[in-house]
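Architecture at a glance
Residue strings, one per chain:
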Amino acid sequence: MFTQSKILNDPFPSSGRIAAIDFGSVRIGIAVCDPDWILASPLEIHPAKDWQDDGDYYRQLAKLEKLAGFVVGLPIHLDGGESQKSAECREFAKWLHEATGLPTRLFDERFTTADANRRIASAGYSRKKKKDRLDAVAALVLLESFLEACRYRDEIAGEDIDADPVGGDGIDDEG
């Protein structure tokens, strides 16, 4: 489907179901795609509290959804710099890979929440329903952006979880 990542030892698959994770301080949004990377949909929201103790949850998620890998959103400032939240997302992505054994990539999540807010606003949800759905829809936007970047480049987008924190890899970057 796609050529392998430029990182020769990167085992990230080029097909199979992928889950995108919008890692937040309170909630973790999750979205999944089909095995051919054509359709993506929001799946659920999981509490972020004590995420380090949730290995069983993520292993079960991977098994039930027949996942081939994870994409974790990496918050990047508009100037390309990273923040404390970026470091937390990097830590979560490494932990997720170790907890599940599945390949995990980081992908620039700039503007995903803004796009998710626009989508939810146009859906006519109540205020509470909007809040409940926002993180899963943000994960959906992240996953759609990742899949589009892969199609655009004809290779796996994003960055390896062991890459140096130098900024993100978005759809418009030549990377």
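For the structure itself, look to the data block above.
To keep things clear, this report deals only with the structure shown in the data block.

Of note in this structure, W37 is not a glycine but carries a positive phi near 60°. Positionally, W37 belongs in the loop between strand 2 (27–33) and strand 3 (40–47). A residue is classified by how much of its surface remains accessible, and W37, at 1% relative accessible area, is buried. Phi angles above zero are rare outside glycine, and D154 is one such case at about 60°. The partly exposed category is assigned to D154, whose relative accessible area is 40%.

The next thing to look at is the pattern of salt bridges. Counting across every chain of the model gives seven salt bridges. Between R17 and E65 there is a salt bridge whose closest N-O contact spans 2.4 Å. Taken as a pair, R17 in strand 1 (residues 17–23) and E65 in the loop between helix 1 (55–64) and strand 4 (67–74) lie far apart in primary sequence, 48 residues in all. Assessed through its relative accessible area of 19%, E65 is described here as buried. Notably, a salt bridge pairs K85 with E88, separated by 3.4 Å at the nearest N-O pair. Here K85 pairs with E88, and both are found in helix 2 (residues 84–100), just three residues apart, close to one helical turn. Exposure remark for K85: the relative accessible area of 22% places this residue in the partly exposed category. A single salt-bridge network, built from bridges that share partners, covers E82, R90 and E159.

Definitions and cut-offs
Residues numbered from 1 in each chain as written. Predicted model: local features only at pLDDT ≥ 70, side-chain atom pairs only at ≥ 80, totals over all residues. Heavy atoms only, no water. Helix = DSSP H or I, 4+ residues; strand = E, 2+ residues; numbered from the N terminus. Buried < 20%, exposed > 50% of the residue type's maximum accessible area, 1.4 Å probe, protein only. Salt bridge = Lys/Arg side-chain N within 4 Å of Asp/Glu carboxyl O.

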